[in-house]
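Inside the fold
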Amino acid sequence: MMEENDVVRSLAALAQPVRLGVFRALVVAGPKGLTPGALCEALLVPATSLSFHLKELTHSGLVTQERQGRHLVYRAQFGRMQGLLSYLTDNCCEGQACLTDTAALAHC
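What this report covers is the structure whose coordinates are included nearby. No experiment lies behind these values; they were computed from the predicted model shown.

Concerning the pattern of salt bridges
- Evaluated as defined, the whole model comprises 3 salt bridges.
- Residue aspartate 6 is joined to arginine 9 by a salt bridge in which the shortest nitrogen-to-oxygen separation is 3.1 Å. Here arginine 9 and aspartate 6 lie together in helix α1 (residues 4-14), a separation of 3 residues that amounts to about one turn.
- On the basis of relative accessible area, aspartate 6 is assigned to the partly exposed category, the value being 22%.
- The exposure class of arginine 9 is partly exposed, given its relative accessible area of 32%.
- Arginine 75 is the partner of glutamate 66 in a salt bridge, and the nearest nitrogen-oxygen pair spans 2.5 Å.
- We classify arginine 75 as buried; its relative accessible area is 16%.
- Put simply, Asp6, Arg9 and Arg80 are held in one network by salt bridges that share partners.

As structure tokens, this is what we get:
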């Protein structure tokens, strides 16, 4: 279970369009991850800007960085993402178990 401070840090990291795009790209890439060059090319983000956003995502724990030879590879941390989703799900609907059917969700 994630601590509240970790949840806030993760949500803050995702509350920016470029960082959300980077995170989405890393989730889609899966376990193989992506290099900063591939992210710059795919998202049309300058390298200096991307570096700042990757640092924020790494600091939040949603992304990891690994050196492979001369390259850095960034990967989404699926466990952390699942922890965030679980925290939000466990704490919705005024503490009641979340409902999955659309009509029932209207009552939350």
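Moving on from the model shown.
With respect to the nonpolar core
- If you look at the biggest cluster of nonpolar residues, it comprises 22 residues, and the most contacted ones within it are Val22, Phe23, Leu26, Leu39, Leu50, Leu57 and Val63.
- Residue contributions to this core peak at 5 residues, all from helix α2 (residues 17-29).
- Not counting the four nearest positions on each side in its chain, phenylalanine 23 is found in contact with Leu14, Leu57, Leu62, Val63, Ala76 and Met81.

A closer look at unusual backbone geometry
- You will see that leucine 44, though not glycine, has its phi angle at about 55 degrees, which is positive.
- Residue position: leucine 44 is located in the loop between α3 (36-43) and α4 (47-60).
- A relative accessible area of 75% means that leucine 44 is categorised as exposed.

Notes on α4
- The end-to-end C-alpha separation of α4 is 20 Å, in line with the 20 Å expected for 14 residues at 1.5 Å each.
- Those residues of α4 that sit buried are Leu50, His53, Leu54, Leu57 and Ser60. Projected onto a plane normal to the axis of α4, the buried residues spread over an arc of 120 degrees and lie on a single side. Among the exposed residues of α4, those oriented more than 90 degrees off its buried face are Thr48, Lys55 and His59.
- Just beyond α4, the residue with positive phi is glycine 61, at close to 90 degrees.

Observations regarding the side chain of arginine 19
- With respect to the helices and strands, the residue arginine 19 is situated in helix α2.
- The buried charged residue arginine 19 lacks any salt bridge, with glutamate 56 as its nearest oppositely charged partner at 5.1 Å.
- Side-chain polar atoms of arginine 19 contact the side chain of histidine 53, separated by 3.2 Å.
- With residues near it in sequence (within four places) discarded, arginine 19 still touches Ala12, Ala13, Phe52, His53, Glu56 and Leu57.

Definitions and cut-offs
Residues numbered from 1 in each chain as written. Predicted model: local features only at pLDDT ≥ 70, side-chain atom pairs only at ≥ 80, totals over all residues. Heavy atoms only, no water. Salt bridge = Lys/Arg side-chain N within 4 Å of Asp/Glu carboxyl O. Helix = DSSP H or I, 4+ residues; strand = E, 2+ residues; numbered from the N terminus. Buried < 20%, exposed > 50% of the residue type's maximum accessible area, 1.4 Å probe, protein only. Core = buried A, V, L, I, M, F, W, Y, C linked by side-chain atoms within 4.5 Å. Contact = heavy atoms within 4.5 Å. Expected span 1.5 Å × (residues − 1). Arc of directions from axis to C-beta. Lys, Arg positive; Asp, Glu negative; His and termini not counted. Polar contact = N/O pair within 3.5 Å; in protein donor to acceptor, adjacent residues only side chain to side chain.

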